[in-house]
Amino acid sequence: SDILRRATDRSLVILDELGRGTSTHDGVAIAHGTLEHIITQIRCTCLFVTHYPILTDLAKAYKPMVESYYMAFFRDEDEEHLRRR
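Numbers given to residues run from 1 along each chain, matching the order in which its sequence is written. Side-chain atom pairs in this predicted model are given and counted only at pLDDT of 80 or more, local residue features only at pLDDT of at least 70, and totals for whole chains, interfaces and linings cover all residues. In computing side-chain properties, one takes all heavy atoms of the structure into account and sets aside hydrogens as well as water.

J.: Describe in detail the pattern of salt bridges, supporting the description with residues and values.
T.: Between side chains of opposite charge, a pair can form as their charged atoms come close. Within this document, salt bridges are pairs made up of a side-chain nitrogen of Lys or Arg and a carboxyl oxygen of Asp or Glu, the two lying within 4 Å of each other. All told, the structure shown has four salt bridges when counted by the stated rule. For R5, the salt bridge identified is with D2, shortest N-O distance 3.6 Å. Remark: D2 and R5 occur in helix α1 (residues 2–6); sequence separation between them is three residues, near one turn of the helix. Type-normalised accessible area, obtained with a 1.4 Å probe on protein chains alone, sets the label of each residue: buried when under 20%, exposed when over 50%, and partly exposed for intermediate values. A residue is classified by how much of its surface remains accessible, and D2, at 39% relative accessible area, is partly exposed. Between K60 and D57 there is a salt bridge whose closest N-O contact spans 3.6 Å. With a gap of three residues between them, K60 and D57 both fall in helix α3 (residues 57–61), about one helical turn apart. Look at K60 and you get exposed, because its relative accessible area is 62%. Several salt bridges share partner residues, and in doing so they unite D2, R5 and R6 into one network. Note on conventions: DSSP H or I runs of at least 4 residues are helices, E runs of at least 2 residues are strands, and numbering of each starts at the N terminus.

This is how it looks when you write it as structure tokens:
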């Protein structure tokens, strides 16, 4: 809540996994409400990392202000084994 109170349109807000650790319904509601507030009221640059795919709908609703990106990683089992030696 302090982030939302202090952020301005010149801020860079970074939020990672907001709503995690709650029930799915509550987590989605918290994350969606917070992100929509940042988009519509604060209007700052924001990096919002989430595991809730439904939030990508905000990218469609607020295009071109919002963009959605997907990130993945590749784990090389052989390399992991060598690092542990």
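Back to the write-up after that little detour.
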